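# Tertiary structure, described
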Amino acid sequence: MTADIEDGRRAGALHHKIVRAAADVLESEGLDALSTRAVAARAGVFPPTIFRLFGDKDGLLEALGEHGFDTYLEAKSRLPRSDDPVADLRRAWDLHVRFGLEQPAYYALVFGPSRSGRPSQAGRRALVELQRMLTRVAAAGRLRVSVERATALMHAAGVGVVTTTISTPPDARDPELARVAREVVFDAMIAPPGAEPGGAAPGAGPAGPAMALRAALAAEGELPLSPGEELLLLELLNRLADVRRSGEG
């Protein structure tokens, strides 16, 4: 047992050493220089060691993305949580943009196209956190669309703004692009404050009460419904939230 624990510690230390070496290559030479051979040389190990610990290069990139994303999550955890979920969401958008512009290589690992055809683990964690924040907006009755559609819309817009800015020469960048995009997206998916009868914000339409009810039911935990009934209820609430917007010309 003691030997197994010691072996696990050595493997963990070696794993960290290789990820740190990969981070050094990424930060000093860029993503294109990030080969297993370059990382192995920087870490002082043989290339097969990387494949043994990470499976393949994609596994190494996944671990490296997690390493870089930890800085973003640490900064996000320090964001103040107020009684205004929309203000909190606006601060989260600004932090997302700032992380992308300050750490473009890590951003590409987390939010860029994945070789596996699905988002990186860190990217999936970001989407879960975004959905949690939007559920707070829904609980306030201020979403114009379903939580899922709002999550997809805000994620697509945020990633689009950052990747577009990164790919634009610094002297040609529009310093107001991120702010303008944020306000356009927020206006499309979030109603202004001020409750109407039923608890919804003016302009939220049926989406406000539907998503507020969904958030309230989720907060209750286990419901006296069968799994099929829960799925049907969720589908109906989402349909109420999204049908009005999808039908607009």
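## A word on helix H8 (residues 147-166)
- Between its first and last C-alpha, H8 extends 28 Å over 20 residues, near the 28 Å set by a 1.5 Å rise per residue.
- Those residues of H8 lying buried are Val 147, Ala 150, Thr 151, Met 154, Ala 157, Gly 158, Val 159, Val 161, Val 162 and Thr 165.

## Re the pattern of salt bridges
- The full count for this structure, using the stated rule, is 12 salt bridges.
- The salt bridge involving Glu 183 is made with Arg 90; its shortest N-O contact spans 3.1 Å. Here Arg 90 lies in helix H5 (residues 85-102) and Glu 183 lies in helix H9 (residues 177-189), a separation of 93 residues in the sequence.
- Through salt bridges with shared partners, one network takes in Arg 90, Asp 94, Arg 182 and Glu 183.

## What about the side chain of Arg 182?
- Assignment of secondary structure puts Arg 182 in helix H9.
- For Arg 182, a relative accessible area of 11% corresponds to the buried category.
- Aside from chain neighbours lying at most four places away, what touches Arg 182 is Arg 90, Trp 93 and Asp 94.

## Concerning helix H3 (residues 47-54)
- Among the residues of H3, Thr 49, Ile 50 and Phe 54 are the ones counted as buried. Seen along its axis, H3 keeps its buried residues to an arc of 105°; they face one direction. In this structure, H3 carries Pro 48 and Arg 52 as exposed residues pointing more than 90 degrees from its buried face.
- Phi turns positive one or two residues past the end of H3, at Gly 55, with a value near 90°.

## Details of the confidence of the model for the chain
- Looking at the chain as a whole, its pLDDT mean stands at 83, while 86% of the residues score no less than 70.
- The secondary structure element of the chain with the lowest average pLDDT is helix H11 (residues 227-246), at 73, and the one with the highest is H9, at 95.
- The low-confidence segment residues 245-249, where pLDDT is below 50, has five contacts with residues more than four positions distant or belonging to other chains.

## Quick word on the packing of helix H6 (residues 104-111) against H8
- Running from amino to carboxyl end, H6 crosses H8 at an angle of 140°, the nearest separation of the two axes being 11 Å. Our pair here, H6 against H8, has a crossing hand that is left-handed. Between H6 and H8, the residues in contact are Pro 104, Tyr 107 and Phe 111 and His 155, Gly 158, Val 159, Val 162, Thr 163 and Ile 166, respectively.
- Here the contact of H6 with H8 is built from residues that sort into six nonpolar, three polar and no charged.

## Overview of the packing of H8 against H9
- At a minimum axis separation of 10 Å, H8 and H9 run at an interaxial angle of 170°. The pairing of H8 with H9 is recorded here as roughly antiparallel in orientation. Residue-level inspection shows Ala 150, Leu 153, Met 154, Ala 157, Val 161 and Thr 165 of H8 in contact with H9, the latter providing Leu 177, Ala 178, Ala 181, Val 185, Phe 186, Ala 188 and Met 189.
- Partitioning the contact of H8 with H9 into residue classes produces 12 nonpolar, one polar and no charged.

## Quick word on the nonpolar core
- In terms of nonpolar packing, the biggest core is built from 59 residues, with Leu 89, Leu 143 and Met 189 touching the most fellow members.
- Every residue in contact with Met 189, bar those within four places of it in the chain, is listed here: Leu 89, Leu 134, Arg 142, Leu 143, Arg 144, Val 145, Ala 150, Leu 153 and Met 154.

## Considering the environment of Ala 138
- Within the secondary structure layout, Ala 138 lies in helix H7 (residues 121-139).
- The buried category is assigned to Ala 138, whose relative accessible area is 1%.
- With 69 residues separating them along the chain, Ala 138 and Ala 207 place their C-alpha atoms 8.7 Å apart.
- The residues touching Ala 138, leaving out its near neighbours within four places in the chain, are Leu 143, Val 147, Gly 208, Met 211, Ala 212 and Ala 215.

## Overview of the side chain of Ser 146
- Relative to the assigned elements, Ser 146 resides in the loop between H7 and H8.
- By relative accessible area, which is 2% here, Ser 146 ends up buried.
- Apart from residues no more than four positions distant in its own chain, Ser 146 is found in contact with Met 211, Asn 238, Ala 241 and Asp 242.

Thresholds applied
Residues numbered from 1 in each chain as written. Predicted model: local features only at pLDDT ≥ 70, side-chain atom pairs only at ≥ 80, totals over all residues. Heavy atoms only, no water. Helix = DSSP H or I, 4+ residues; strand = E, 2+ residues; numbered from the N terminus. Expected span 1.5 Å × (residues − 1). Buried < 20%, exposed > 50% of the residue type's maximum accessible area, 1.4 Å probe, protein only. Salt bridge = Lys/Arg side-chain N within 4 Å of Asp/Glu carboxyl O. Contact = heavy atoms within 4.5 Å. Arc of directions from axis to C-beta. pLDDT = per-residue confidence, 0-100. Axes fitted to C-alpha atoms, helices over the stretch in contact; angles between N-to-C directions. Left-handed = near helix turned anticlockwise from the far one by under 90°. Nonpolar A, V, L, I, M, F, W, Y, C, P; charged D, E, K, R; others polar. Parallel < 35°, antiparallel > 145°, perpendicular 65-115°, else oblique. Core = buried A, V, L, I, M, F, W, Y, C linked by side-chain atoms within 4.5 Å.

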